[in-house]
Amino acid sequence: MRCLCLETMREAAFIERNKAKWERLDALLAGRHDLPSEEAADLYIALSDDLSYARTFYPDSRLPAYLNDLLSRLHHRIYRNKRTPRGRFRTFWAQEVPMAMAATRQQLLLSFGLFTIAMLIGAVSARYDPTFVRLILGDAYVDMTLENIHRNEPMAVYGGHGQGGMFLGITVNNIRVALLCFAAGIAAGFGTALLLLYNGIMVGAFQYFFHEHGVLRESLLTIWVHGTLEISAIIVAGAAGFALGKGQLFPGTYRRIDSFRYWARVGLKVVIGLVPVFITAGFLESFVTRHALDLPPYVAITIIGASLAFVIHYFIILPHHAAARSGPIARSA
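Residues numbered from 1 in each chain as written. Predicted model: local features only at pLDDT ≥ 70, side-chain atom pairs only at ≥ 80, totals over all residues. Heavy atoms only, no water.

In this section: the overall build of the protein. Within the protein one finds 13 helices and zero strands. Secondary structure elements in the protein, listed N-terminal to C-terminal, are α-α-α-α-α-α-α-α-α-α-α-α-α. Looking at the protein as a whole, 45% of its 333 residues are labelled buried. Once local pairs closer than 6 in sequence are excluded, the contacts in the protein between residues at least 24 apart make up 80%. (Helix = DSSP H or I, 4+ residues; strand = E, 2+ residues; numbered from the N terminus. Buried < 20%, exposed > 50% of the residue type's maximum accessible area, 1.4 Å probe, protein only. Contact = heavy atoms within 4.5 Å.)

In structure tokens form, the structure reads like this:
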């Protein structure tokens, strides 16, 4: 009798925890509004997990039948509204990537905070340790840059290579770094944290090095023409890596493997969504950055401002609206 009462209490707690999600989904399925494909897929996974759980622990209850009916209706809605491949390409960047960013907004804040702290560490270390910049950037790069500064060409490094080859090499390398930052999250997020720390310290030391030699203004108007998109994308990739780590460390009510698969899929969408950003950053670095100091300052400032506005809109504002539209039914593993 005691075990039966305990089981009933657990079932009641399970229902209470998920009731709002089920009722909202029931209401959405009863209406005529289409569900976004990404949201519908996430709901299908979450509802399948709930049904499996109910069938395992409460097989004699009416709950499995209710959830099975709900899942069948959702399945019908998904395949009735299945989009064509052409529409899928458009909705991936318009809907799926913002939804993935909405799911990783806490990880994005963590990634941004860690990178900012790392930049401060790099700048402070460069100020109080004269050998730190050489340790981080290498003797060859520091000596070359010092020579360029003495020739009054502090940013000459960006004009020393062919534009086409430079564009391809930079873009491929940036995508590789983003994938590595994401994949490193498999080590419970610690690998991602180390990569963010290293890159942040390098940026901080790099900028202080130019400040120390009186060319900070020139470096800001040059490096951040492409760096605004490039650095922002690395921080976003860090969020994807932390999401992967979250799937391992905090599975919630789901099996650890299911949680890991879900967050791996979310993180991979974020990283794929960064590819156009890296292509644009590579183009700017190869074809625009080298001429930045020859142009009026307002041109560089406009490019930097437009890049920052895009990053804030696409990776913060748009996901916020996507999360608000999805409501409490959005899965949180």
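The next thing to look at is the environment of Glu 23. Position of Glu 23 relative to the elements: it lies in helix α1 (residues 2-30). Exposure remark for Glu 23: the relative accessible area of 45% places this residue in the partly exposed category. Separated by 47 residues in sequence, Glu 23 and Leu 70 place their C-alpha atoms 9.8 Å apart.

Right, let's get into helix α10 (residues 216-249). Over its 34 residues, α10 extends only 42 Å from the first C-alpha to the last, a length that falls short of the 50 Å expected when each residue adds 1.5 Å. The largest bend in α10 amounts to roughly 55° and is located at Trp 224. In terms of residue burial, α10 counts as a mostly covered element, since 28 of its 34 residues are buried. (Expected span 1.5 Å × (residues − 1). Bend = angle between axes of the 7 residues up to and from the residue.)

With that settled, the discussion passes to the nonpolar core. Across soluble globular proteins, nonpolar side chains have a tendency to be buried as a group. Formed by 67 residues in total, the largest nonpolar core has its most connected members in Met 101, Phe 210, Ile 223, Val 225, Val 236, Leu 274 and Phe 315. Once residues within four sequence positions are removed from consideration, Met 101 is found in contact with Leu 108, Val 236, Val 270, Phe 315 and Pro 319. With 14 residues, the next largest nonpolar core counts Leu 25, Leu 29, Leu 51 and Leu 71 among its residues. (Core = buried A, V, L, I, M, F, W, Y, C linked by side-chain atoms within 4.5 Å.)

Time to look at unusual backbone geometry. The phi torsion at Asn 152 lies on the positive side, around 65°, for a residue other than glycine. Turning to its location among the elements, Asn 152 is positioned in the loop between α7 (139-150) and α8 (163-183). In this structure, Ala 188 takes a positive phi of about 55° despite not being glycine. Relative to the helices and strands, Ala 188 is located in the loop between α8 and α9 (190-212). Judged by its relative accessible area of 24%, Ala 188 is partly exposed.

Turning our eyes to something else, we now look at the packing of aromatic side chains. Each pair of aromatic rings is reported with the distance of its centres and the angle of its planes. Applying the stated criterion across every chain yields a total of eleven aromatic pairs. Between Phe 206 and Phe 210, the aromatic rings sit 4.9 Å apart at their centres with planes inclined by 85°, giving edge-to-face as the arrangement. Residue Phe 206 and its partner Phe 210 are both found in helix α9; the two are separated by four residues, about one turn of the helix. Taking the relative accessible area as the measure of exposure, Phe 206 reaches 12% and is therefore buried. The interplanar angle of 10° and the centroid separation of 5.6 Å between the aromatic rings of Phe 310 and Tyr 314 together place this pair among those described as stacked. On the criterion of helical spacing, the pair formed by Phe 310 and Tyr 314 is a turn pair, its members being four residues apart in helix α13 (residues 297-326). Exposure remark for Phe 310: the relative accessible area of 36% places this residue in the partly exposed category. Among the aromatic side chains, those forming a connected cluster through ring pairs are Tyr 141, Phe 206, Phe 209 and Phe 210. (Phe/Tyr/Trp six-rings, centres within 6.5 Å; stacked < 30°, edge-to-face > 60°.)

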